[in-house]
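Structural overview for review
These are the residues of each chain, in order.
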Amino acid sequence: MPGIYIHIPFCKSKCIYCDFCSITKLDFNDNFLSALKKEILIRKNELQNEFIETIYFGGGTPSLLKTSEIQKIIDVIFENYKITENPEITIEVNPDDITLQYLKQLIKIGINRISIGVQSFNDEILNFLGRRHNSVQAEKTIKYSIEAGFKNISADLIFGIPGLTINDIISDLDVFIKYKVQHISAYHLTYEKGTKLHKLLTSNKIKIIDEEFSLQQFSTIENHLISNDYFHYEISNYSLKGFESRHNSNYWNGISYLGFGTSAHSFNCDIRSWNTDNLSVYISKINEGKLPSKHEKLNPNMKYNEFIMTSLRTSKGVDFELIKSKFGIKYFEIFITSTNKYLKMGYIIKNKNNYILTSKGMFLSDGIIADLFIV
Ligand code: SF4
């Protein structure tokens, strides 16, 4: 069943690695929220009465919103869309904004999953990344979330950071394990053009860690979490049994979704669309009753590429019988030929009908997936 993504494009300050759509001018908040609710209304017939299974508040920093503001957004969704009986409703929070009271209020308004932007419990690393919180606030947010009654907690971790050691990683993971955090997303630091981090790199103030050490960090995370009952169900995601993110799993399973707010993407299995990332344009277009978005219709090659990319990211991998039935024999043959060398190299294994990335393959997935694309 489809999901809804809401992008809240505000942050108090910009982290050095961030290329997400977020601005630090918080005074746009009221106009944005009013436009956001209008967009939710304008697009209410797009899913043609399908039931919504998940709602996800991402950003930016959704936890900058008051709970009454979040409640009003949820109300507009519930009033205008058909929602399944037990929806997963997630909000991303930053540890520097959070109080126990706020978390209890989130539960009251129906949020049942919280995703905490921990990134690290090492204050030097947090400082380097330009995060606004410290390790004490990060741990307190996990404790408070449990105390407030959240039964489905996710936390983000970044690795591959210059200066980060294997011991740092293990001790960070041990904090999550201690609190039985149900879901962990672990991302490698990336150097996106236009970020402060990228400038530090190009001016030789920092160096990217070497690939072998990156792989060692990736393997440490995987081995440590697996030996503590976590399931590595997607390249960057681990969960205790039954706590896979329903929202993100729907993306990887090719299920349609609606994205509201600046830069949010939508997909209906045939057409992909994306909103402008310019907040003023977003607000003024919506106020004129127009959609501030562009779209593209996927041709068969694009649909195949999308299928390969999303399936290969998951622990289930690519079901080649599905390639035959969805795309036909020609695509099946292309897939078998293009994956052959990765099978030989041990980056992909075959399990019954499925082609699955091995651990090394997951680490190198960006290059492998791009190579399997039809261009
Ligand atoms: S909190 Fe998230 S969205 Fe905001 S600047 Fe930092 S990384 Fe970017």
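First, a word on scope: everything that follows refers to the structure included in this document. (Residues numbered from 1 in each chain as written. Predicted model: local features only at pLDDT ≥ 70, side-chain atom pairs only at ≥ 80, totals over all residues. Heavy atoms only, no water.)

**Comments concerning helix α15 (residues 365–372)**
- Taken together, the buried positions of α15 are S365, I368, I369 and L372. Projected onto a plane normal to the axis of α15, the buried residues spread over an arc of 95° and lie on a single side.
- Here the buried face of α15 lies against α11 (300–312), α13 (329–345), β14 (348–351), β15 (354–357) and α14 (359–363). (Buried < 20%, exposed > 50% of the residue type's maximum accessible area, 1.4 Å probe, protein only. Helix = DSSP H or I, 4+ residues; strand = E, 2+ residues; numbered from the N terminus. Arc of directions from axis to C-beta. Contact = heavy atoms within 4.5 Å.)

**Quick look at the site of the ligand**
- Taken together, the neighbourhood of the ligand is formed by C11, S13, K14, C15, Y17, C18, F20, G60, N94, R131 and R132.
- Of the residues that constitute the shell around the ligand, the class distribution is 5 nonpolar, 3 polar and 3 charged. (Near = heavy atom within 4 Å. Nonpolar A, V, L, I, M, F, W, Y, C, P; charged D, E, K, R; others polar.)

**Remarks on the side chain of T276**
- Within the secondary structure layout, T276 lies in the loop between β11 (271–275) and α10 (279–287).
- Of the residues examined, T276 reaches a relative accessible area of 18% and is grouped as buried.
- At a separation of 3.0 Å, a polar atom in the side chain of T276 contacts the main-chain amide nitrogen of N278.
- Each residue touching T276, except ones within four places of it in the same chain, is listed here: T262, S263, V281, Y282 and P292. (Polar contact = N/O pair within 3.5 Å; in protein donor to acceptor, adjacent residues only side chain to side chain.)

**Structural notes on the sheet that holds β14**
- One open sheet accounts for 3 strands, arranged β13-β15-β14; its pairing is antiparallel. The strands lining the two open edges of the sheet, one partner per strand, are β13 (318–319) and β14.
- Pairing between β14 and β15: 4 bridges, direction antiparallel. Bridge assignment links K350 to a residue of β15, and that residue is Y355. (Pairing = 2+ DSSP bridges.)

**Section: the packing of aromatic side chains**
- Under the definition given, this model contains 18 aromatic pairs.
- On the numbers, 5.7 Å between centres and 55° between planes, the contact of F218 with F363 is tilted. Of this pair, F218 sits in helix α8 (residues 211–226) while F363 is found in helix α14, placing the two residues 145 residues apart along the sequence. The same class applies to F218 and to F363, which are both buried.
- Between F320 and Y355 the ring centres are 5.6 Å apart and the planes differ by 85°, which places this aromatic pair in the edge-to-face class. Here Y355 lies in strand β15 and F320 lies in helix α12 (residues 320–327), a separation of 35 residues in the sequence. Taken as a pair, F320 and Y355 share a single burial class, namely buried.
- Joined through ring pairs, the aromatic side chains of Y304, F307, F327 and Y331 make up one cluster.
- When the ring centre of F332 is taken as reference, the NZ or CZ atom of K324 above it lies at 4.6 Å. (Phe/Tyr/Trp six-rings, centres within 6.5 Å; stacked < 30°, edge-to-face > 60°. Lys NZ or Arg CZ within 6 Å of the ring centre and 35° of its normal.)

**Thoughts on the pattern of salt bridges**
- On inspection of all chains with the given rule, the structure shows 15 salt bridges.
- A salt bridge links R43 to E39; the shortest N-O distance between them is 2.8 Å. Grouping residues by exposure puts R43 and E39 together as buried.
- For K303, the salt bridge is made with D270, and the minimal N-O distance between the two is 2.7 Å. Within this pair, whereas K303 is found in helix α11, its partner D270 is found in the loop between β10 (265–267) and β11, the two being separated by 33 residues in sequence. (Salt bridge = Lys/Arg side-chain N within 4 Å of Asp/Glu carboxyl O.)

**Structural notes on the side chain of D96**
- The residue D96 is located in the loop between β3 (82–93) and α3 (100–108) in this model.
- The class for D96 is buried, based on a relative accessible area of 19%.
- If we skip the residues at most four places from it in the chain, D96 touches K12, R132, H133 and Q137.

**What about the packing of α12 against α13?**
- Running from amino to carboxyl end, α12 crosses α13 at an angle of 145°, the nearest separation of the two axes being 7 Å. Here F320, I323, K324 and F327 of α12 lie close against α13, whose contacting residues are I329, Y331, F332 and F335.
- For the contact of α12 with α13, the residue count by class is 7 nonpolar, no polar and 1 charged. (Axes fitted to C-alpha atoms, helices over the stretch in contact; angles between N-to-C directions.)

**Details of helix α6 (residues 166–178)**
- In this model α6 runs 18 Å from its N-terminal to its C-terminal C-alpha over 13 residues, within 8% of the 18 Å that 1.5 Å per residue would give.
- Of all the residues in α6, the buried ones are I166, D168, I169, D172, L173, V175, F176 and I177.
- Packed against the buried residues of α6 are β4 (113–119), α5 (135–148), β5 (153–159), β6 (183–188) and α8. (Expected span 1.5 Å × (residues − 1).)

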